[in-house]
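The primary structure of each chain is shown beneath.
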Amino acid sequence: MSDRDDDKAQARAAWLRDEINRHNYHYYVLDDPIIPDSEYDRLLHELQTLEAEHPELITPDSPTQRVGASPLEAFEEVRHRVPMLSLENAFSDEEVVDFDRRVRERLEVEQEIVYAAEPKMDGLAISLRYVKGLLVQAATRGDGTRGEDVTQNVRTIQSVPLRLLADDWPEILEVRGEIYMPRSGFERLNLQARKRGEKGFANPRNAAAGSLRQLDHRVTARRPLAMFCYGFGELSGVDLAPSYSESIHRLSRWGLRVSPELKTVNGVDGCFDYHRRLAGRRENLDYDIDGVVFKVDSLEQQRVLGFVSRAPRWAVARKFPAQEEMTRLLAIDVQVGRTGALTPVARLEPVTVAGVTVTNATLHNAEEIQRKDIRIGDWVIVRRAGDVIPQVVRVVPERRPPDARVFRMPDKCPVCGSEVIKDADGVVLRCSGGLYCPAQRREAIKHFASRRAMDIEGLGNKLVEQLVEQQLVSSPADIYQLDRETLAGLERMGEKSARNLIQALERSKSTTLARFLFALGIREVGEATAHALAAHFGSLEAIRQADVEALQAVSDVGPVVAEHLVTFFRQPHNLEVIEKLLAAGIHWPAVERPTAERQPLKGKSFVLTGTLSRPRSQIKEALQVLGAKVTGSVSSKTDYVVAGSDAGSKLEKAERLGLEILGEAGLDRLLGTAGER
Ligand code: D41
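Since we're looking at a predicted model, the values are computed, not measured.

**Q** Tell me about the site of the ligand, and name the residues and values.
**A** Taken together, 16 residues form the shell around the ligand, and within it L85, E118, M121, Y230 and K295 come nearest. In this structure, Y230 approaches the ligand through a side-chain N or O atom, which is 3.1 Å from a nitrogen atom. K295 places a polar side-chain atom, nitrogen or oxygen, 2.9 Å from a nitrogen atom of the ligand. Mapped onto the shell around the ligand, the elements with two or more residues apiece are β3 (114-121) and β10 (289-296). Counting residues per element, the shell around the ligand draws most heavily on β3, which supplies 4 residues. In terms of residue class, the shell around the ligand is made up of 10 nonpolar, 1 polar and 5 charged.

Written as structure tokens, this is what we have:
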């Protein structure tokens, strides 16, 4: 090959590397890809081919070189040139006030301090060393002075640049940050592990730690790890900028990933405000945080403050209440759901988790109990995150009492005594009693009356339980036969509530086909499926008569759902209930079939963020009915971002991308003009 060709190949390889690095940055760091995945793959493939033909062109920072070397025998020890300090904790607002007072006293300032505020990631601290813009070493924190060399593993993390962008970085740059596993990636990883019959990780932090401590970095490469940077080690030359926040932004220019939540705030009040806002959004973030960190923003002030033993005087971690606590598992009960599924529920010695008393936790199914080896009498770790039902994370084996008992699922329904059968998936156990089983009947009626179904105000769970128990109703149709006298005679019901309920029943009769379908509680037919069915078939009669094949023509319906529908409409009992309901006067307007004009938002993509006054599911449904797509993350392909109060990083990103942002009023206008039902 001629020199000329070699030059050309070299230039092309260099161009490809830069281009791929640039797209990596947009994809993994900014979370905002500019080219489709297929185009990215094509570039990477071209570089791989070129490097295979010209191995001399391979550079250590080439995007093809993230995975390659052989597994290690052990990790080498790394001595941190600048120690990795720890953070002082504050468990209350008062402790933050104390911290702020100490800061101002030492600095001898009266005015408010400017703090940089950021989430406290629940991951693993790491130090990256860049020399002349190239990543040369990554080390765990260890004891702060000595850590382990995990360079090979960290090189596989796509949001860690192998080479820094731009060229104005210091010759030596040590960056500290947190490696973590996003919740979404964690869920996926555990699902895969379970499919292979393996145990999975207890939480994202353990998963990140386990992934980073792999001697074989090819395993790490398959784990969805990410990193946020929050500090500095050795720096040759001068400070990056006069303040922490500006220095961090500098890092982001060089292709390092930093938290989009980093803000500067004024004084303790600013700190409280930030803490409250982030605590409110904790559940909506795609990563676990265990608090927020406040740092004096001015690097000069940081220098004056200095350190005490191992922690800087200029930073504090305000911790959130723990989401996990330990307690005793007293018993395991079995509940029967609407579709007969048997769910084991742990009865716990009451324990306060993140401010709420927990006495029950779901155990999902027998397999889960076996996998976690949970026994009655065990000490267990209970986790409560936001609105989700408390979970038993694991047992504490060291504390197992000698008389702890293994639990076995019953082979007869604990409510009606019918035989228990296993689903085709081999996991879920079901009571075969159908609507003979009072538990299933009760749950079916609760579902029927619920807000998103027939929306019968005043017919709550407690009342349904009473009605079923006293055998006043045994199917949804029976509730429309109730009279005022009967209702008024019930416990905790007066004349007035009885009258109100009768009115609510009357009102509920005027509904939509989709709601009615959903209310019937057919297995796997959720709101979206009910809508799709109503729109596709136009009438209840058409759905009833459709066979499995015809049903599967609906976008949302696969073979399993189709089978459930056909089975449902084959049962004489179900047809009888429907007959009675219609005879009681339930009606709906004719369904408009989806045409271009009926789906004015077709092809439009929406993202909902922040706190909205209605449940997200409801807004989502309203948008979907008009043809819109509702997705979870903002990108340049998003058409509208609907922002409620306290909207955070998604809103910021939308602003950065110049997207159309709607408040709730704007959304209502759009839904109105687009022709809400
Ligand atoms: O998000 C974190 N976990 C986090 C940890 C953070 N946002 N900032 C941190 N800042 C520091 C100093 C102030 C010492 C540079 C830290 C940590 N340290 C830290 N993480 C683990 C030990 C110390």
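There is more to say after this.
**Q** Could you give an account of the packing of helix α12 (residues 438-449) against helix α13 (residues 461-469), naming the residues involved and the relevant values?
**A** Two elements in contact, α12 and α13, have axes whose closest approach is 9 Å; the angle formed by their N-to-C orientations is 140 degrees. Of the possible angle classes, the one that applies to α12 and α13 is oblique. Seen from above, α12 lies across α13 with right-handed handedness. On the side of α12, the interface is formed by P438, R442, I445 and K446, while α13 contributes N461, V464, E465 and V468. Grouping the constituent residues of the contact of α12 with α13 by class yields 4 nonpolar, 1 polar and 3 charged.

**Q** Residue-level account of the environment of A361, with values.
**A** Note on placement: A361 falls in strand β16 (residues 356-362). Taking the relative accessible area as the measure of exposure, A361 reaches 1% and is therefore buried. A361 has contacts with V345, A346, L348, P390, Q391 and V392, leaving out every residue within four places of it along the chain.

**Q** A description of the pairing of strand β4 (residues 124-131) should follow, citing residues and the corresponding values.
**A** Every regular strand shows the same layout, with side chains that alternate between the two sheet faces. Burial analysis of β4 places 7 of its 8 residues in the buried class, the great majority of the element. Two elements, β4 and strand β7 (residues 172-180), share 8 bridges in a ladder whose sense is antiparallel. Bridge pairing in β7 links V131 to I172. Relative to strand β5 (residues 134-140), β4 runs antiparallel, the two sharing 6 bridges. When the bridges of β5 are listed, S127 appears paired with A139. Hairpin geometry of β4 and β5 is characterised by an intervening segment of 2 residues between the two adjacent antiparallel strands and by a positive phi of about 50 degrees at K132.

**Q** Account for the environment of K620, with residues named and values stated.
**A** Along the chain, K620 falls in helix α23 (residues 616-625). In this structure the C-alpha to C-alpha distance between K620 and P63, which are 557 residues apart in sequence, comes to 39 Å.

**Q** So what's going on with empty space enclosed by the protein? Which residues, and what values?
**A** All chains considered together, the criterion is met by 3 cavities of 30 Å³ or more. In this structure, the largest cavity occupies an estimated 100 Å³ of space. Lining of the largest cavity is provided by 14 residues; of these, N21, N24, Y25, P161 and G255 occupy positions nearest its centre. Of the residues contributing to the lining of the largest cavity, the split by class is 7 nonpolar, 5 polar and 2 charged.

**Q** Before we move on, could you go through the sheet that holds strand β23 (residues 605-609) and cite the residues and values that matter?
**A** Ordered by their spatial adjacency, 4 strands build an open sheet running β24-β23-β25-β26, and the pairing between neighbours is parallel. The two strands at the open ends of the sheet, each matched to only one other strand, are β24 (629-631) and β26 (660-662). Each strand of the sheet is rotated relative to its neighbour by a mean of 30 degrees, with strand direction disregarded. The pairing of strand β25 (residues 640-643) with β26 spans 3 bridges and is parallel. Considered in β26, the bridge of V641 is made with I661. Here α23 sits on the sheet in contact with β23 and β24, set at roughly 165 degrees to β23. The sheet strands contacting helix α24 (residues 649-657) are β23, β25 and β26, and the helix crosses β26 at an angle near 140 degrees.

**Q** I'd like a rundown of the layout of surface pockets, residues and numbers included.
**A** In this structure, the second largest pocket encloses a volume near 1,500 Å³. Lining the second largest pocket are 42 residues, with F186, E187, A202, R383 and Q391 sitting closest to its centre. Those elements that provide at least two residues to the lining of the second largest pocket are α5 (183-195), α9 (267-281), α11 (366-371) and β19 (391-395). Here the residues of the lining of the second largest pocket sort into 16 nonpolar, 11 polar and 15 charged.

**Q** Summarise the pattern of salt bridges; cite the residues concerned and give the values.
**A** Here the structure, examined in full by the defined rule, presents 47 salt bridges. One salt bridge connects E46 with R12, and the closest N-O pair in it is separated by 2.6 Å. Of the two residues, E46 sits in helix α2 (residues 37-53) while R12 sits in helix α1 (residues 3-29), which places them 34 residues apart along the sequence. Its salt-bridge partner being D168, residue R253 comes within 2.9 Å of it at the nearest N-O pair. Of the two residues, R253 sits in helix α8 (residues 244-253) while D168 sits in the loop between α4 (151-155) and β7, which places them 85 residues apart along the sequence.

**Q** Provide a residue-level description of the sheet that holds strand β13 (residues 315-319), including the pertinent values.
**A** Adjacent strands of a sheet form backbone hydrogen bonds with each other and so pair up, either parallel or antiparallel. Taken in spatial order, the 5 strands of this open sheet run β2-β13-β10-β3-β9, and their pairing is mixed. The outermost strands of the open sheet, each flanked by one partner alone, are β2 (88-90) and β9 (263-266). Ignoring strand direction, the axes of neighbouring strands in this sheet form an average angle of 35 degrees. On the sheet, α9 packs against β3, β9, β10 and β13 and is oriented at approximately 135 degrees with respect to β9.

Parameters and conventions
For every chain, the first residue of the written sequence is number 1, and numbering continues from 1 along that sequence. Where local features are concerned, this predicted model is filtered to residues with pLDDT of at least 70; where side-chain atom pairs are given and counted, the filter is 80 or more; whole-chain, interface and lining totals use all residues. Side-chain numbers come from the whole structure's heavy atoms, not from hydrogens or water. The criterion for a residue being near a molecule or strand is simple. One of its heavy atoms has to lie within 4 Å of it. Here a polar contact means two N or O atoms within 3.5 Å. Within protein one must be a hydrogen donor candidate and the other an acceptor candidate, and residues neighboring in sequence count only if both atoms are side-chain atoms. Under the DSSP-based scheme used, a helix requires at least four consecutive residues in state H or I and a strand at least two consecutive residues in state E, with every element numbered from the N terminus. Residue type decides the class: Asp, Glu, Lys and Arg count as charged, Ala, Val, Leu, Ile, Met, Phe, Trp, Tyr, Cys and Pro as nonpolar, and the leftover types, Gly among them, as polar. Helix axes are fitted only over the stretch in contact, all axes being lines through C-alpha atoms; the angle between N-to-C directions runs from 0 to 180 degrees. The cut-offs work like this: below 35 degrees is roughly parallel, past 145 is roughly antiparallel, 65 to 115 is roughly perpendicular, and the gaps in between are oblique. For any pair of crossing helices, the crossing counts as left-handed if the nearer helix is rotated counterclockwise from the farther one by less than a right angle, and right-handed if it is rotated clockwise. By definition, residues are in contact when any of their heavy atoms lie within 4.5 Å. Here the term buried applies to any residue with accessible area under 20% of the maximum for its type, exposed to any over 50%, and partly exposed to those in between, with areas from a 1.4 Å probe on protein chains only. One requirement defines pairing of two strands: DSSP has to find at least two bridges between them. Cavity: a set of points on a 1 Å grid over the protein atoms alone where a 1.4 Å probe fits but cannot get out. Pocket: an open set with protein on both sides within 12 Å along at least five of seven lines, its lining residues, like those of a cavity, having an atom within 4 Å of a point. Grid points are joined across faces, edges and corners, and a volume is the space filled by probe spheres set on the points. The term salt bridge refers to a pairing of a side-chain nitrogen on Lys or Arg with a carboxyl oxygen on Asp or Glu at a separation within 4 Å.

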